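Each chain, letter by letter, is given below.
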Amino acid sequence: MELRGPEPLGPRPGRQNLGLWAAAGRRAIPYLVLMALLIFTGAFLLGYVAFRGSCQACGDDVLVVSEDVNYETSPDSHQGTLYWSDLQAMFLRHLGEGSLEDTIRQTSLRKRVAGSAGMAALAQDLRAALLRQKLDHVWTDTHYVGLQFPNRAHPNTLHWAGEPGKQLPLEDPDVYCPYSATGNATGELVYAHYGRPEDLQHLRALGVEPTGRLLLVRLGLISFAQKVASAQDFGARGVLIYPDPADFSQDPHKPGLSSHRAVYGHVHLGTGDPYTPGFPSFNQTQFPPVQSSGLPSIPAQPISADIASLLLRKLEGPVTPQEWQGRLSSSPYRLGPGPGLQLGVNNNRVSTPINNIFGCIEGRSEPDHYVVIGAQRDAWGPGTAKSAVGTAILLELVRTFSSMVSNGFRPRRSLLFISWDGGDFGSVGSTEWLEGYLSLLHLKAVVYVSLDNAVLGDDKFHAKTSPLLISLIENILKQVDSPNHSGQTLYEQVAFNNHSWDAEVIQPLPMDSSAYSFTAFAGVPAVEFSFVEQDGQAYPFLHTKEDTYDNLHKMLQGRLPAVAQAVAQLTGQLLIRLSHDHLLPLDFGRYGDVVLRHISSLNEFSGDLKARGLTLQWVYSARGDYIRAAEKLRKEIYSSEESDERLMRMYNVRIMRVEFYFLSQYVSPADSPFRHIFLGRGDHTLGALLDHVRLLRSSGSKALRTASSGVAPVLTFEESHFRRQLALLTWTLQGAANALSGDVWNTDNNF
């Protein structure tokens, strides 16, 4: 029952108006709700886009705690979002607290030849330094390798043939070429410019035969090992290598190499221990009992500019081409031949223990994927530019990332810091480690970053790298200030006079880089950064006893600390991106352009091949499949959810193995260790295929083909051999396309 009061009689205007408003309000409610939903949805989408744009690299939320580097985070620590700018600021702040300059100076003062007592002491000190940083893991890896050293009882000699008493002085008996053939070599002397295959061919064309002679060649452009290998291919009996002043800066304000100094350099055309090729040298097990095919069969010896000048004055024959002239004497250089010389090399092979030192920060989400950074520790002389700078930067990066971890940063992937031993003998320490753990590393190593030769000047910047890293390097260059151009980033410096910045900066990995084996042997993308002098002028003190802190500092006109700091900033920010991004920032589509560039070189021979019933269509088709697979993967990634950890890991596994896909599966790592079809050496490479095709139009290309591809020379075009090369190369490319496509039901092998 409802009790009601008496109702007043007659209408009430106020009550009537209120009812009208109430009715209108009821009709408007659905529209108001819809409008509110639209506003909320729009605001949410705008916020999401803004968040994604500002945090493409930050990954999961990480802890933000006290800036005290010794503070340990606890489970109930305050949590907050850490963006890329936050990570960048944190890294730069902690890096700035270091003592990079002092570490370079102190390392340069220590004697650290591989296998020496000084090196053993330095290895212990470096391991202790890593332990103080409270990393997750610190350990040592020991190998017993065959190294070659001078024979103190019987030093190397050089004298006029038939006049053993008239010996030419080799000023420093410590300067030698490791892995030179031993014994005596006698012959007339011939000047052969830089000793490149094209130089020796030109020499022959000018009527001076290198066969049966000793060659005098200049330092530079190619490695010692390549010079000796080319000389051997042309039948020379021995090689003398000297530094010509024309190849170094003529700036009177910068120090120059003393004319009585010779330059050290190994002559093994390969990497690692040449007495266990393709196999690790563990526990003094020297197996298999074979030698590397890259060991030369002729002797080689470095000599000073003074000795070279004396020899050049004895040469007769035609005057060299103008571009072959150097700065050793007022009289023009002649090709020779000159008087007979006898070179005696008596180096000893010694089984030597070397130690690689490791430190690791474990990743949070993908601890089994490693971002690897390494630096050579050993040095033949003071080795400031060669290894002290890299070692100092490595230690500073370890300290900096350890401090960041103490302040809340935890990378998704593991950071692996390595100090290599035996680098001066041809990346022996790094290659032996790769050989020992190859089956593991190709599944787990994401990228290798080398700190060797990081500061050889301050005018130009080079990145010797895999194509997969080019886009990331471009992005990081825009984040780092130039050390010698105030107000400019490194990118602005390198792109100032060149719209194609990568043509100015990017170079292929050379064999004498410790990063080379990671890519060409293990299939891991790698990069080595270097600041160098303008106009390609070489740092004059590299591999000499004058590679001191003071000389490098003077060469850079007092900017050594600033340039080293720039390398550390560049490297550290690269490591943050590689270790912390949800999706690995590797540009897997780049290899489509690389294949196209190589195929373009083959196109000019398509008519010659067609006349023989041959075609390059298979290669074109394989490249097309790779490009389509790359584009398909890119679209899948774009349309997927970044928060899906399982999906992101699947994508990352496919991306990180792209480099490995370009290792030819049709050749043996023991017989052809550098299996990479673009960067490697052997009959399976694109370079070897191109050299073979060139024989359709020319003859006598033996030396060029040997030098570029490292395979046995073929003097005439062989159709069956070409068909095999083409098939193996095509299926390596097709295999890369299939692997990038994902699962077997996503592949298509119909040409």
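All of these numbers come straight from a predicted model, not from anything done at the bench. (Residues numbered from 1 in each chain as written. Predicted model: local features only at pLDDT ≥ 70, side-chain atom pairs only at ≥ 80, totals over all residues. Heavy atoms only, no water.)

The next subject is the overall build of the protein chain. The secondary structure content of the protein chain amounts to 24 helices and 16 strands. Each of the 751 residues in the protein chain was classed as buried or not, and the buried ones make up 54%. About 32,200 Å² of surface is accessible on the protein chain, with carbon and sulfur atoms providing 53% of the total. (Helix = DSSP H or I, 4+ residues; strand = E, 2+ residues; numbered from the N terminus. Buried < 20%, exposed > 50% of the residue type's maximum accessible area, 1.4 Å probe, protein only. Areas by Shrake-Rupley, 256 points an atom, 1.4 Å probe, with all protein chains shown as cover.)

Right, let's get into the pairing of strand β14 (residues 460-465). When you tally the buried positions in β14, you get 5 out of 6 residues, the bulk of the element. Here β14 runs beside strand β16 (residues 526-532); their pairing, made up of 6 bridges, is antiparallel. From the neighbouring strand, Lys 464 faces β16, where its bridge partner is Glu 528. Bridge analysis of β14 against strand β15 (residues 506-507) gives 2 bridges, and the strand direction is parallel. Within the sheet, the bridge partner assigned to Ala 463 lies in β15 and is Ile 506. (Pairing = 2+ DSSP bridges.)

Strands sit in the order β4-β9-β5-β6-β7-β8 across an open sheet of 6 strands; the sheet is mixed. Both outer strands of the open sheet, β4 (157-160) and β8 (300-302), are each paired with one neighbouring strand and no more. In this sheet, neighbouring strand axes are inclined to one another by 30° on average, regardless of whether the strands run parallel or antiparallel. Alignment of strand β6 (residues 214-218) against strand β7 (residues 238-242), held across 5 bridges, turns out to be parallel. Directly across from Leu 216, in β7, lies its bridge partner Leu 240. (Axes fitted to C-alpha atoms, helices over the stretch in contact; angles between N-to-C directions.)

To continue, consider the pattern of salt bridges. One pass over the full model with this rule turns up 32 salt bridges. With a shortest N-O distance of 2.4 Å, Asp 458 and Arg 559 are connected by a salt bridge. Of this pair, Asp 458 sits in the loop between β13 (445-450) and β14 while Arg 559 sits in the loop between α15 (549-555) and α16 (560-580), placing them 101 residues apart in sequence. On the basis of relative accessibility, which here comes to 25%, the residue Arg 559 falls in the partly exposed class. Residue Glu 631 is joined to Arg 634 by a salt bridge in which the shortest nitrogen-to-oxygen separation is 3.1 Å. (Salt bridge = Lys/Arg side-chain N within 4 Å of Asp/Glu carboxyl O.)

As a general feature of sheets, a regular strand has side chains that alternate between the two faces. Counting buried positions along β7 yields 5 of 5 residues, so the element is predominantly enclosed. Side chains Gly 238, Leu 240 and Tyr 242 project from β7 onto one buried face, and the interleaved Val 239 and Ile 241 project onto a second face that is buried too. A crossover links β6 with its parallel partner β7, the connecting element being helix α6 (residues 224-233), and its sense is right-handed. The pairing of β7 with β8 spans 3 bridges and is parallel. (Right-handed = clockwise from strand over helix to strand, strands pointing away.)

Let's shift gears to unusual backbone geometry. Both trends apply: most residues other than glycine have a negative phi, and most peptide bonds are in trans. At the junction of Gly 336 and Pro 337, the peptide bond is cis and its omega measures out at 5° in the coordinates. Topologically, Pro 337 is positioned in the loop between α7 (305-312) and β9 (340-345). Positive phi values are uncommon outside glycine, yet Leu 221 reaches one of about 70°. Among the secondary structure elements, Leu 221 is positioned in the loop between β6 and α6. Backbone geometry at Ser 427 places phi at a positive 50°, although glycine is not the residue there. If you trace the backbone, Ser 427 turns up in the loop between β12 (413-420) and α9 (428-436).

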